[in-house]
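# Observations on chain architecture
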Amino acid sequence: MKNILNAPFVEEMKKTTANMYRLGWDERNGGNISYLLDESEVAEYLDLTHVVRTIPTGFDTAALIGKIFIVTGTGKYFKNVESDPANNLGIIRIGEDGTTAELLWGYEDGSRFTSELPAHLMSHMARLAVDPENRVVMHCHPTHTLAMNYVHELNEKKFTHTLWEMCTECIVVFPDGVGVLPWMLCGTNSIGEATAEKMKEFRLVIWGMHGIYGAGKTMDETFGLIETVEKAAQIYMLTAHLPRINTIKDKELVELAEFFEVEYRKDFLNL
Ligand code: 13P
Ligand code: ZN
């Protein structure tokens, strides 16, 4: 059996959480990541018949029975994942009853998965239904995206349109746009259900005055989606109070989308 601490998926979690922390997106315990793993890959590192303990998920996860995820722990600081993965991360498998998580490794101090597990697993279910290759769901509190929530209408057409205008490549990176939820109580099944509903249509969902969710096939893709939104939001926050002299026009956004052959939300433009 190989050493789990050297597993590529543990390395990816360490690298990504450290990166996100240094970017200021994950203060204190802010943010969480879940990453769907291949059973065969995990079997190289762990005895899959050995369940350390079981933890109720608190919602229906029947669609994910047998699936294995590596997930950040609740109350854990992204800052600390790199130096202490065994306490800050856990590997869980959804049990046969569809409501229990079987802990296979991690959360060694007796803790448990993120309080946002409903939003994560429900989003995985929603994304897998539209893209069977989806693997990652990521939540964080990026500074400029959050700032923009306070000064820009929380309307997904207008919010997406503004982001697209801020950097030339935005419409190419997230042509499907950004879903937007109003402020809601976090850590609940309700916000999980609302997020998953948006995830049927979008790979990015803003949680009003809280943060953002991203979903993708790889850690890089998911990180890149959030990073691009955050960059656009930063440009917006640097310019929103100044007279706008130049902008990327809607017909130029169409040119971009057509040249790069992406399916984009035409209804989010004002043509
Ligand atoms: P957890 O510490 O439970 O992951 O919560 C952090 C967070 O960002 C809540 O939305
Ligand atoms: Zn949060």
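Please refer to the structure higher up on the page.
Keep in mind that what you see is a predicted model, and the values were worked out from it rather than measured.

## Some remarks on the side chain of T195
Relative to the helices and strands, T195 resides in helix α9 (residues 189-199). We classify T195 as buried; its relative accessible area is 0%. A polar atom in the side chain of T195 sits 2.5 Å from the backbone oxygen of I191. Aside from chain neighbours lying at most four places away, what touches T195 is A119, S123, L181, V205, W207 and Y213.

## Overview of the coordination of the zinc ion (ligand 2)
Bound to the zinc ion (ligand 2) on the protein side are H139 (NE2), H141 (NE2) and H210 (NE2), at distances that span 2.1 Å. Mapping the donors of the zinc ion (ligand 2) onto the primary sequence gives the spacing H-x1-H-x68-H. One end of the pair, H139, is in strand β6 (residues 136-140); the other, H210, is in the loop between β8 (204-207) and β9 (211-216), with 71 residues separating them in the sequence. Using a relative accessible area of 1% as the deciding quantity, one classes H139 as buried. Accessibility expressed as a relative area gives 15% for H210, which makes it buried.

## Focus on the sheet that holds strand β2 (residues 53-56)
Reading across the sheet, the 9 strands line up as β2-β5-β4-β3-β1-β6-β9-β8-β7 and stay open at both edges, with mixed pairing between neighbours. Two strands in the sheet have a free side with no partner beyond their single neighbour: β2 and β7 (179-181). The sheet shows a mean angle of 25° between the axes of neighbouring strands, taken without regard to direction. The pairing of strand β1 (residues 32-37) with strand β3 (residues 68-72) spans 4 bridges and is classified as antiparallel. Bridge pairing links Y35 to I70 in β3. Most of the contacts of helix α1 (residues 8-22) go to β1, to which it runs at about 160°, and overall it touches β1, β3, β4 (89-94) and β6.

## Some thoughts on the packing of helix α7 (residues 156-166) against helix α10 (residues 219-239)
Where α7 meets α10, the axes come as close as 8 Å, and the angle between the chain directions of the two elements is 85°. Accordingly, the angle class assigned to the pair α7 and α10 is roughly perpendicular. Residues T162, L163 and M166 of α7 pack against V229, A232, A233, I235, Y236 and T239 of α10. Looking at the contact of α7 with α10 residue by residue, the class counts come to 7 nonpolar, 2 polar and no charged.

## Brief notes about the site of ligand 1
Close to ligand 1 lie N29, G30, G31, N32, T74, G75, T114, S115, E116, H139, H141 and H210. Here G75 contributes a backbone N or O atom positioned 2.7 Å from an oxygen atom of ligand 1. Between an oxygen atom of ligand 1 and a side-chain N or O atom of E116, the distance comes to 2.5 Å. Considered on its own, ligand 1 offers 310 Å² of accessible surface; in the complex 93% of this is hidden by protein. Split into classes, the residues belonging to the shell around ligand 1 amount to no nonpolar, 11 polar and 1 charged.

Basis of the calculations
Residues numbered from 1 in each chain as written. Chains lettered and ligands numbered in written order. Predicted model: local features only at pLDDT ≥ 70, side-chain atom pairs only at ≥ 80, totals over all residues. Heavy atoms only, no water. Helix = DSSP H or I, 4+ residues; strand = E, 2+ residues; numbered from the N terminus. Buried < 20%, exposed > 50% of the residue type's maximum accessible area, 1.4 Å probe, protein only. Polar contact = N/O pair within 3.5 Å; in protein donor to acceptor, adjacent residues only side chain to side chain. Contact = heavy atoms within 4.5 Å. Donors = N, O, S within 2.8 Å, 3.2 Å for Na, K, Ca; no water. Pairing = 2+ DSSP bridges. Axes fitted to C-alpha atoms, helices over the stretch in contact; angles between N-to-C directions. Parallel < 35°, antiparallel > 145°, perpendicular 65-115°, else oblique. Nonpolar A, V, L, I, M, F, W, Y, C, P; charged D, E, K, R; others polar. Near = heavy atom within 4 Å. Areas by Shrake-Rupley, 256 points an atom, 1.4 Å probe, with all protein chains shown as cover.

Function cannot be inferred from these measures alone, as they are strictly geometric.
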